[in-house]
Amino acid sequence: MPSLQNKQSREAEYITVQDFYDSFQEVLQLEILAGQASMKQPIKERSINRPALALTGRFEHFASNRMQLLGAGEMDFLYRMEPEVQKNILNTLAMRHVPCIIISRNLEPTEILVEICDFFSLPLLRTKLGTKDFTTRATVLLEEKFAPRTNIHGTLMDINGVGTLIRGESGIGKSECALALIERGHSLVADDFVYVRRIGERKLMGTSAELNRGYMECRGIGIINLPELFGVKCVRVETSVDLVVSFVEWKIGLDEDRTGLEENFYKILEVGVPIMEIPVRPGRDMARLVEVAALVQVNKAIGHNSAEELNQRLIKKMQDEQV
């Protein structure tokens, strides 16, 4: 089974508070209240901690690598706390080197909290979202930020909803095939260089670099702008990676799959993606073959395997003839 991992694959070990803020300021409705000088603090975990028990002075199992979220309950507890006690508790929390503190529901921080965050250069953020809503959204966004990712040489198409990665040696005809597929109404996601990330355990999502999205190199013609030629619907920002089609140059003696009974997989980020190998030779309509390969994959996904069905019919006929 071919694989693509090791040197090219990577998983983010951490992101900075600045990266979190810049990426999600709008969707999470964030603002900075204090500690802006230390926005390079690392966030090493994708979970969020509510330090309710820590505010009572219990730090035995305190998750210091996580962002700390103060909801209505925690803030009410701080409001009612004696100033000296509050100062001691927040000092202890800040000295645990937490990435940042976030206040939900647009609540006002205490003066002591702001002073301590400025003193320790600890970023203090505030969101207008409710505690539960913020936790749900931020957790999903952090999962994406920390998702394992890699890059692959190839062309990624969306063919009737099937994310199809076309691979092969340079000059074998991947881009020309993609152009023919676009003319048939399908969409290009990435040409030549595909960025792939894994969501959860099994789902792969592919996209292109924003800089060259919608552009394609066509040998003999040069760089072309696809939306200008074919309309904006011919380009998609991202799609799942459901099928790999590998172009190989045909030569005498090449072992070609004639039945499709054996299913092979191409490993990307530890996920096995079905792969079909199609020989390239003069006169073959490669775009049509790739289109049919995607349709075959759809049928397999819903439980219809043409090769297996015919094989079972042949076996039954032979059994009937022996009776």
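Not measured: the values here are computed from a predicted model. (Residues numbered from 1 in each chain as written. Predicted model: local features only at pLDDT ≥ 70, side-chain atom pairs only at ≥ 80, totals over all residues. Heavy atoms only, no water.)

1. Notes on the pairing of strand S10 (residues 155-159)
S10 sits mainly inside the fold: five of its five residues count as buried. Judged by which residues are buried, S10 turns out to be covered on both faces: Thr155, Met157 and Ile159 on one side and Leu156 and Asp158 on the other are all buried. In terms of strand pairing, S10 meets strand S11 (residues 162-167) through five bridges, oriented antiparallel. By the bridge assignment, leucine 156 is partnered in S11 with leucine 165. Where S10 hands over to S11, the hairpin turn is made up of two residues, of which asparagine 160 adopts a positive phi near 55°. Of the pairings in the sheet, the one linking S10 to strand S12 (residues 187-190) comprises three bridges and is antiparallel in character. Counterpart to leucine 156 in the pairing with S12 is alanine 190. (Buried < 20%, exposed > 50% of the residue type's maximum accessible area, 1.4 Å probe, protein only. Helix = DSSP H or I, 4+ residues; strand = E, 2+ residues; numbered from the N terminus. Pairing = 2+ DSSP bridges.)

2. A few points about the environment of leucine 289
As for its placement among the helices and strands, leucine 289 is situated in helix H8 (residues 286-301). Sequence separation between leucine 289 and valine 245 is 44 residues, and the spatial gap between their C-alpha atoms is 9.8 Å. In contact with leucine 289, not counting residues within four places along its chain, are Ile278 and Arg284. (Contact = heavy atoms within 4.5 Å.)

3. Here we look at unusual backbone geometry
Phi is positive for arginine 105, close to 60°, though the residue is something other than glycine. Residue classification places arginine 105 among the partly exposed positions, given a relative accessible area of 49%. Of note in this structure, leucine 269 is not a glycine but carries a positive phi near 50°. Within the secondary structure, leucine 269 sits in the loop between strand S19 (264-268) and strand S20 (271-280). Assessed through its relative accessible area of 4%, leucine 269 is described here as buried.

4. With respect to the sheet that holds strand S14 (residues 203-207)
Sheet architecture is open: four strands sit in the order S9-S13-S14-S17, paired in antiparallel fashion. Pairing within the sheet leaves two strands with one partner each, and these edge strands are strand S9 (149-153) and strand S17 (238-240). Neighbour-to-neighbour, the strand axes of the sheet open up by a mean angle of 30°, direction not taken into account. Both S9 and strand S13 (residues 193-199) contribute to a ladder of five bridges, which runs antiparallel. Paired with threonine 150 across the bridge in S13 is valine 196. (Axes fitted to C-alpha atoms, helices over the stretch in contact; angles between N-to-C directions.)

5. Considerations on the confidence of the model for the protein chain
When pLDDT drops low, the exact placement of atoms in the prediction is not to be read closely. Counting all residues, the mean pLDDT for the protein chain is 88, and 90% of those residues have values of 70 or more. Within the model, pLDDT remains below 50 along residues 3-7, and this stretch shows 12 contacts once partners closer than five positions in the same chain are excluded. (pLDDT = per-residue confidence, 0-100.)

6. Quick word on the packing of aromatic side chains
All told, the structure shown has four aromatic pairs when counted by the stated rule. Between the aromatic rings of phenylalanine 20 and phenylalanine 24, the centroid separation amounts to 5.5 Å while the plane-to-plane angle is 75°, which identifies the pairing as edge-to-face. With phenylalanine 20 and phenylalanine 24 both in helix H1 (residues 17-28), this residue pair falls four residues apart, about one helical turn. Like phenylalanine 20, the residue phenylalanine 24 is buried in the burial classification. On the numbers, 5.4 Å between centres and 80° between planes, the contact of phenylalanine 59 with phenylalanine 62 is edge-to-face. With relative accessibility at 9%, the residue phenylalanine 59 sits in the buried group. (Phe/Tyr/Trp six-rings, centres within 6.5 Å; stacked < 30°, edge-to-face > 60°.)

7. Considering the nonpolar core
Counting residues in hydrophobic clusters, the biggest one holds 27 residues, and the most contacted among them are Met157, Cys177, Leu181, Met216, Leu226, Phe247 and Val290. Broken down by secondary-structure element, the contributors of at least two residues to this core are S10, S11, helix H6 (174-183), strand S15 (215-218), strand S18 (243-249), S20 and H8. Filtering out sequence-adjacent residues up to four positions away, leucine 181 remains in contact with Met157, Ile159, Ile166, His186, Ala287, Val290 and Glu291. (Core = buried A, V, L, I, M, F, W, Y, C linked by side-chain atoms within 4.5 Å.)

8. Looking at H1
Counted at 1.5 Å a residue, the expected span for H1 with its 12 residues is 16 Å, but the 13 Å between its end C-alpha atoms falls short. Taken residue by residue, H1 has Val17, Phe20, Tyr21, Phe24 and Leu28 as its buried positions. The buried side chains of H1 occupy one side of the element, clustering within an arc of 120° when seen end-on. Of the residues in H1, the exposed ones pointing more than 90 degrees away from the buried face are Asp22 and Glu26. One or two positions beyond H1, positive phi appears at glutamine 29, with a value near 55°. (Expected span 1.5 Å × (residues − 1). Arc of directions from axis to C-beta.)

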